[in-house]
Amino acid sequence: TTKLILLDSLLQEMGENESGSSVDIYRDTPVRFLGYANEVGEAFRALVHVRWVRLSYVVASGYVLADTQDKAGKELKNGAAMSKVGIAAMDTLVWQAFASVIVPGFFINRLCAASLFGLAKALPTVAESSRKWAVTGIGLGSIPFIIHPIDNLVHKVMDNTTRKWIGP
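This structure is a prediction, so every number in the text was calculated from the model and none was measured.

Draft legend 1. Molecular detail of the overall build of the protein. Check the secondary structure of the protein and you find 6 helices and 0 strands. For the protein, the succession of helices and strands along the chain, N to C, is α-α-α-α-α-α. In the protein, which comprises 168 residues, the proportion classed as buried is 33%. Taking the contacts inside the protein whose residues are at least 6 apart along the sequence as the reference set, 66% of them involve residues at least 24 apart.

Here you go:
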């Protein structure tokens, strides 16, 4: 119990900046990088055992669930009705699942697979290990460029589907 109390107070401290205004630790701090773990795992897929890629999905999924709990917990703490708590949880879970795990993981996976195939065809004399390292570099290098377009895409899709259906 003492450890949980300390963890809760640490998270509350992290949730405020110097001026006392609210900071979303899951979106405005380096904790956000945990959501990119599966993209890093996919970039390294050609070089590491699949168990490490799967572990990266566990880390990213844990981040998604923690953010979902955080958003629902904030609604509950603010005295919101259970339906509003459920909507906040569902919206966060769906958005994070698609924007942090499913879409970017699929994109990096396919980009790296296509890059490895293309490099094998274009540079067959280059050692396979060198091509795999190049593919990992391509995958890692693409991450900063795909984050915002994917986030915006997921927002637009959800604004026109789930958010219309469940309301504000």
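Draft legend 2. Spatial organisation of helix α4 (residues 82-122). Relative to the 60 Å expected for 41 residues at 1.5 Å per residue, α4 spans 57 Å between its end C-alpha atoms, a close match to the ideal helical length. Within α4, the axis deviates most sharply at F98, by approximately 40°.

Draft legend 3. Seen up close, the nonpolar core. W95, I108 and V154 are the most contacted members of the largest nonpolar core, which has 14 residues in total. Elements with a minimum of two residues in this core: α4 and α5 (128-159). At 7 residues, the largest contribution of residues to this core is made by α5. Contacts of I108, omitting those with residues within four sequence positions, involve E39, E42, A43, G139, S142, I143 and I146. Core analysis: the next-biggest nonpolar cluster, separate from the first, contains 7 residues, I25, A60, V64 and V101 among them.

Draft legend 4. Structural context of α5. With 32 residues, α5 should reach 46 Å at 1.5 Å per residue; the first-to-last C-alpha distance of 44 Å fits that figure. If you check which residues of α5 are buried, you get R131, V135, T136, G139, S142, I143, I146, I147, I150, D151, V154 and M158. Contacts from the buried residues of α5 go to α2 (37-43), α4 and α6 (162-166).

Draft legend 5. Looking closely at the pattern of salt bridges. Counted according to the given criterion, the structure contains 9 salt bridges. Across the salt bridge formed by K71 and D24, the nearest N and O atoms sit 3.1 Å from each other. Highlighted residues: K71 in helix α3 (residues 50-77) and D24 in the loop between α1 (2-14) and α2, separated in sequence by 47 residues. When sorted by exposure, K71 lands in the same class as D24, which is buried.

Draft legend 6. Molecular detail of the packing of aromatic side chains. A complete count under the given rule lists 3 aromatic pairs for this structure. Here F33 and Y36 contribute two aromatic rings whose centre-to-centre distance is 6.0 Å and whose plane-to-plane angle is 50°, an arrangement assigned as tilted. On the basis of relative accessibility, which here comes to 11%, the residue Y36 falls in the buried class.

Draft legend 7. Examining the side chain of R32 more closely. When you line up the elements, R32 lands in the loop between α1 and α2. One buried charge, R32, has no salt-bridge partner; the nearest side chain with opposite charge is D151, at 4.1 Å. Among residues more than four places away in sequence, those in contact with R32 are I25, Y26, R27, Y63, Q96, S100 and D151.

Draft legend 8. Region of interest: the confidence of the model for the protein. Per-residue confidence for the protein averages 90 on the pLDDT scale, and 87% of its residues sit at or above 70. Taken element by element, the protein is modelled with least confidence in α1, mean pLDDT 54, and with most confidence in α2, mean pLDDT 98.

Draft legend 9. Highlighting a nonpolar patch on the surface. Taken together, the side chains of L34, V48, W52, L55, V58 and V59 present a nonpolar region at the surface, about 520 Å² in accessible area. Relative to the helices and strands, L34 resides in the loop between α1 and α2.

Draft legend 10. The environment of A89, seen in detail. The residue A89 is located in helix α4 in this model. In this structure the C-alpha to C-alpha distance between A89 and G73, which are 16 residues apart in sequence, comes to 8.7 Å. If we skip the residues at most four places from it in the chain, A89 touches T68 and A72.

Procedures and definitions
Residues numbered from 1 in each chain as written. Predicted model: local features only at pLDDT ≥ 70, side-chain atom pairs only at ≥ 80, totals over all residues. Heavy atoms only, no water. Helix = DSSP H or I, 4+ residues; strand = E, 2+ residues; numbered from the N terminus. Buried < 20%, exposed > 50% of the residue type's maximum accessible area, 1.4 Å probe, protein only. Contact = heavy atoms within 4.5 Å. Expected span 1.5 Å × (residues − 1). Bend = angle between axes of the 7 residues up to and from the residue. Core = buried A, V, L, I, M, F, W, Y, C linked by side-chain atoms within 4.5 Å. Salt bridge = Lys/Arg side-chain N within 4 Å of Asp/Glu carboxyl O. Phe/Tyr/Trp six-rings, centres within 6.5 Å; stacked < 30°, edge-to-face > 60°. Lys, Arg positive; Asp, Glu negative; His and termini not counted. pLDDT = per-residue confidence, 0-100. Patch = residues over 30% accessible without salt bridge, like charges linked within 9 Å, V, L, I, M, F, W, Y side chains within 5 Å. Areas by Shrake-Rupley, 256 points an atom, 1.4 Å probe, with all protein chains shown as cover.

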